[in-house]
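Residue-level structural notes
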Amino acid sequence: MTTDPSDHDVGRFGRWADTYDESVLQRFLFGPLQGSALEQAATLVAAPRAVLDIGCGTGQLLHRAARRFPASTLTGIDASEEMIRVARSSVPEGVPVEFVHGFAEELPFPDATFELVTTTMSFHHWADQPKALREVARVLAPGGVFALAD
């Protein structure tokens, strides 16, 4: 089953993309949650070679990950093309991050690619959570960490 890109949540986030980072929720909820998720993950995988953020939105978690894991390759995926557009435009110069439009249920990456997979405040939007979790397991490298905060 392919997730319909016209899905209500995807469309709503697309409309919010340009102002999403200005929300008070960024400061009081999303930012602290992302920081905590990365801090906890770093206790289990100190220097991941590759990091994937599912439901990356405008890329804020990956901006934090770039500071915490400077040698890591960073990838974000989001169902909203508009969020991906904003994320791409906000990448600080020199930060090795790639943003991909796609869905958690059909991750377009090879098996065992990422030592760290994160998702914050996204899981409850996934259309088929069991299928998406199987995809996470597929792209997670042996001994890797999946950090879910929702």
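Computed from a prediction, not measured in an experiment: that's the story for all the values here.

**Description of the overall build of the protein chain**
In terms of regular secondary structure, the protein chain is built from 5 helices and 5 strands. Traced from its N-terminal end to its C-terminal end, the protein chain shows the element sequence α-α-β-α-β-α-β-β-α-β. Relative to all contacts within the protein chain whose residues are 6 or more apart in sequence, the contacts with residues 24 or more apart total 69%. Total accessible area on the protein chain is roughly 7,600 Å²; 54% of this is exposed by carbon and sulfur atoms.

**A look at the side chain of serine 122**
Counting through the fold element by element, serine 122 comes out in the loop between strand E4 (114-120) and helix H5 (129-139). Within the structure, the side chain of serine 122 is placed 3.5 Å from the side chain of threonine 119, a separation counted as a polar contact. Those residues in contact with serine 122 that sit more than four places away from it in its chain are Ile54, Gly55 and Asp150.

**A word on the packing of aromatic side chains**
In this structure the tally under the stated criterion is 2 aromatic pairs. The interplanar angle of 90° and the centroid separation of 5.2 Å between the aromatic rings of phenylalanine 109 and phenylalanine 114 together place this pair among those described as edge-to-face. An identical accessibility class is assigned to phenylalanine 109 and phenylalanine 114; each is buried. Seen from their ring centres, phenylalanine 123 and tryptophan 126 are 5.0 Å apart, and the 65° between their planes marks the pair as edge-to-face. Considered together, phenylalanine 123 and tryptophan 126 belong to a single accessibility category, that of buried residues.

**Examining the pairing of strand E2 (residues 73-78)**
With respect to burial, E2 is a largely interior element, 5 of its 6 residues being buried. With 5 bridges joining them, strand E1 (residues 50-54) and E2 adopt parallel strand pairing. Along E2, the bridge assignment pairs valine 51 with leucine 74. A crossover connection joins E1 to the parallel E2 through helix H3 (residues 60-68); in handedness this β-α-β unit is right-handed. Here 5 bridges tie E2 to strand E3 (residues 97-101), and the two strands are oriented parallel to one another. Across the sheet, aspartate 78 pairs through a bridge with histidine 101, a residue of E3.

**Some thoughts on the nonpolar core**
In this structure, Leu62, Phe69, Leu74, Phe99 and Leu116 are the most contacted members of the largest nonpolar core, which totals 19 residues. Counting residues per element, the ones that place at least two in this core are helix H2 (24-44), H3, helix H4 (81-89), E3 and strand E5 (140-149). The contact partners of phenylalanine 69, leaving out residues within four places of it in the chain, are Leu38, Ala42, Val45, Ala46, Pro48, Val51 and Leu116. Ala104, Leu107, Trp126 and Val136 belong to the second largest nonpolar core, which has 16 residues in total.

**Section: the sheet that holds E1**
Reading across the sheet, the 5 strands line up as E3-E2-E1-E4-E5 and stay open at both edges, with parallel pairing between neighbours. Lying at the two open borders of the sheet, with one neighbouring strand each, are E3 and E5. The sheet shows a mean angle of 20° between the axes of neighbouring strands, direction not considered. Bridge count for E4 against E5 is 6 bridges, and the pairing is parallel. Bridged to threonine 120 within E5 is alanine 149. Against the sheet, H3 contacts E1, E2, E3 and E4, and its axis sits at roughly 170° relative to E2.

Conventions used here
- Residues numbered from 1 in each chain as written.
- Predicted model: local features only at pLDDT ≥ 70, side-chain atom pairs only at ≥ 80, totals over all residues.
- Heavy atoms only, no water.
- Helix = DSSP H or I, 4+ residues; strand = E, 2+ residues; numbered from the N terminus.
- Contact = heavy atoms within 4.5 Å.
- Areas by Shrake-Rupley, 256 points an atom, 1.4 Å probe, with all protein chains shown as cover.
- Polar contact = N/O pair within 3.5 Å; in protein donor to acceptor, adjacent residues only side chain to side chain.
- Phe/Tyr/Trp six-rings, centres within 6.5 Å; stacked < 30°, edge-to-face > 60°.
- Buried < 20%, exposed > 50% of the residue type's maximum accessible area, 1.4 Å probe, protein only.
- Pairing = 2+ DSSP bridges.
- Right-handed = clockwise from strand over helix to strand, strands pointing away.
- Core = buried A, V, L, I, M, F, W, Y, C linked by side-chain atoms within 4.5 Å.
- Axes fitted to C-alpha atoms, helices over the stretch in contact; angles between N-to-C directions.

Nothing here speaks to function; it is all geometry.
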